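# Close look at the chain arrangement
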Amino acid sequence: VQLQASGGGLVQAGGSLRLSCAASRRPGSGYAMAWFRQAPGKEREFVAAFKRTGGYTVTADSVKGRFTISRDNTKNMMYLQMDSLKPEDTAVYYCAASSRVIASATMDDKMYDFWGLGTQVTVSS
């Protein structure tokens with residue numbers, strides 16, 4: 001699976017951005033697909049994901065209520081709508097896919113085998 005994230009940029013606190021992830025195969029076809037982020041000097045952090053089966057989503061508490069994950073299977077695309085952005089959301093955002101992750105490990109980046117190049121999101125205060 002090849003992935004390509006896009007849509008990052010510079011935005012003021014309180015603003016919005018929508019990230020896109022183009023996949024070489026249809027999201028949800030036996031793959032969990034997720035968004036992770038990594039801020040400078042910090043470990044990679046889970047943001048949101050579609051679980052491998054059932055189409056269920058899971059969202060990190062740090063972004064719940066502000067970020068929404070979605071997908072368009074007809075276009076092989078996954079999205080991350082980010083609203084009410086905060087400076088602490090500044091990071092490189094990555095999309096990832098896994099054909100082997102079990103539901104309980106959806107938030108574990110070590111379970112993901114396919115990664116796209118990241119897109120930088122910078123939120124100014």
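Above this text is the structure in question.
A brief structural summary.

A separate point is the pairing of strand S4 (residues 32-38). Across the seven residues of S4, six count as buried, placing the element largely inside the fold. Summarising the sheet, S4 and strand S9 (residues 91-98) pair through seven bridges and their orientation is antiparallel. Counterpart to Phe36 in the pairing with S9 is Tyr94. Sheet topology places S4 next to strand S5 (residues 45-50); five bridges connect them, and they run antiparallel. Following the sheet pairing, Trp35 is matched in S5 by Ala48.

It is worth spelling out the sheet that holds strand S3 (residues 17-23) at this point. Sheet architecture is open: four strands sit in the order S1-S3-S8-S7, paired in antiparallel fashion. Single-partner strands in this sheet number two, and they are strand S1 (3-6) and strand S7 (67-72). Averaged over all adjacent pairs, the angle separating strand axes in this sheet is 15°, with direction ignored. As defined by bridge partners, S3 adjoins strand S8 (residues 77-82) across six bridges and the pair is classed as antiparallel. Considered in S8, the bridge of Leu17 is made with Met82.

What counts, and at which threshold
- Residues numbered from 1 in each chain as written.
- Predicted model: local features only at pLDDT ≥ 70, side-chain atom pairs only at ≥ 80, totals over all residues.
- Heavy atoms only, no water.
- Buried < 20%, exposed > 50% of the residue type's maximum accessible area, 1.4 Å probe, protein only.
- Helix = DSSP H or I, 4+ residues; strand = E, 2+ residues; numbered from the N terminus.
- Pairing = 2+ DSSP bridges.
- Axes fitted to C-alpha atoms, helices over the stretch in contact; angles between N-to-C directions.

So far we have only geometry, and geometry alone does not tell us how the molecule works.
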